[in-house]
Amino acid sequence: MKSFSIVLLLLTTFSCTKNSYSWFDGTLKEAYRLAKGKIVFLDFYADWWGACVRLDAEIFSQQNIINYSQENFISLKIDVDTPYGDSLAKEFEVGGLPHLIYLDYKGIEIDRTIG
């Protein structure tokens, strides 16, 4: 199975521009409804965890990552320290952070990367 995480990491070698990643501001259920033809990308994170902060600063600021994601993903950034985030983290058995999960529009897991 092709790992979407590897695709994202490989794309980082081609750009160093600082921009803003566009995160979907809605629920997972809403993301599924919008995701026809796209992948639902979940980024489980905590503000206090260095690896999560670094992922934002070094990966999600890359213009090619931003462009690829906008074309292919409905991206949700999920704070595990909120009640909603904690509930989803339990549902998806999130054990380490950052925890990246890729789902189809029906909620079937395609891939995941931990740490």
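In this report, we go over the structure that sits alongside the text. (Residues numbered from 1 in each chain as written. Predicted model: local features only at pLDDT ≥ 70, side-chain atom pairs only at ≥ 80, totals over all residues. Heavy atoms only, no water.)

1. Some words on the pattern of salt bridges
Summed over the entire model, instances satisfying the criterion amount to 5 salt bridges. Across the salt bridge formed by aspartate 56 and lysine 77, the nearest N and O atoms sit 2.8 Å from each other. Highlighted residues: aspartate 56 in helix α3 (residues 50-58) and lysine 77 in strand β2 (residues 73-79), separated in sequence by 21 residues. Lysine 77 sits in the partly exposed class, given a relative accessible area of 23%. Overlapping salt bridges bring together Asp43, Asp56 and Lys77 as one network. (Salt bridge = Lys/Arg side-chain N within 4 Å of Asp/Glu carboxyl O. Helix = DSSP H or I, 4+ residues; strand = E, 2+ residues; numbered from the N terminus. Buried < 20%, exposed > 50% of the residue type's maximum accessible area, 1.4 Å probe, protein only.)

2. Let's talk about the packing of aromatic side chains
Applying the stated criterion across every chain yields a total of 11 aromatic pairs. Residues tryptophan 23 and phenylalanine 60 carry aromatic rings whose centres are separated by 5.1 Å and whose planes lie at 85° to one another, so their mutual orientation is edge-to-face. Taken together, the positions of tryptophan 23 in the loop between α1 (4-11) and α2 (28-34) and phenylalanine 60 in the loop between α3 and α4 (63-72) put the pair 37 residues apart, joining distant regions of the chain. When its relative accessible area of 3% is taken as the criterion, phenylalanine 60 is described as buried. With a centroid separation of 5.8 Å and an interplanar angle of 75°, the aromatic rings of tryptophan 48 and tryptophan 49 are classed as edge-to-face. Connected via pairs of aromatic rings, a cluster forms that spans Tyr21, Trp23, Phe41, Phe60, Tyr68, Phe73 and Tyr102. Above the plane of the ring of tyrosine 45 lies lysine 77, whose end atom (NZ or CZ) is 4.4 Å from the centre. (Phe/Tyr/Trp six-rings, centres within 6.5 Å; stacked < 30°, edge-to-face > 60°. Lys NZ or Arg CZ within 6 Å of the ring centre and 35° of its normal.)

3. A word on the nonpolar core
Counting 21 residues, the largest nonpolar core has Leu28, Val40, Leu42, Phe44, Phe92 and Leu103 as its most contacted members. At the level of elements, α2, β1 (39-45), β2, α5 (83-91) and β3 (99-103) are the ones that each hand at least two residues to this core. The element contributing the most residues to this core is β1, with 4 residues. When residues no more than four places from it in sequence are discounted, the contact partners of leucine 42 are Leu28, Leu76, Ile78, Phe92, His99, Leu100, Ile101 and Leu103. (Core = buried A, V, L, I, M, F, W, Y, C linked by side-chain atoms within 4.5 Å. Contact = heavy atoms within 4.5 Å.)

4. Notes on the pairing of β3
Most of β3 is tucked away: 5 of the 5 residues are buried. The pairing of β1 with β3 spans 5 bridges and is classified as antiparallel. Bridge assignment links phenylalanine 41 to a residue of β3, and that residue is tyrosine 102. Pairing between β3 and strand β4 (residues 109-114): 5 bridges, direction antiparallel. Residue leucine 103 lies in a different strand from β4, and its bridge partner there is glutamate 109. Joining the antiparallel neighbours β3 and β4 is a turn of 5 residues, in which glycine 107 adopts a positive phi near 90°. (Pairing = 2+ DSSP bridges.)

Take it as geometry only, folks, not as evidence of what the structure does.
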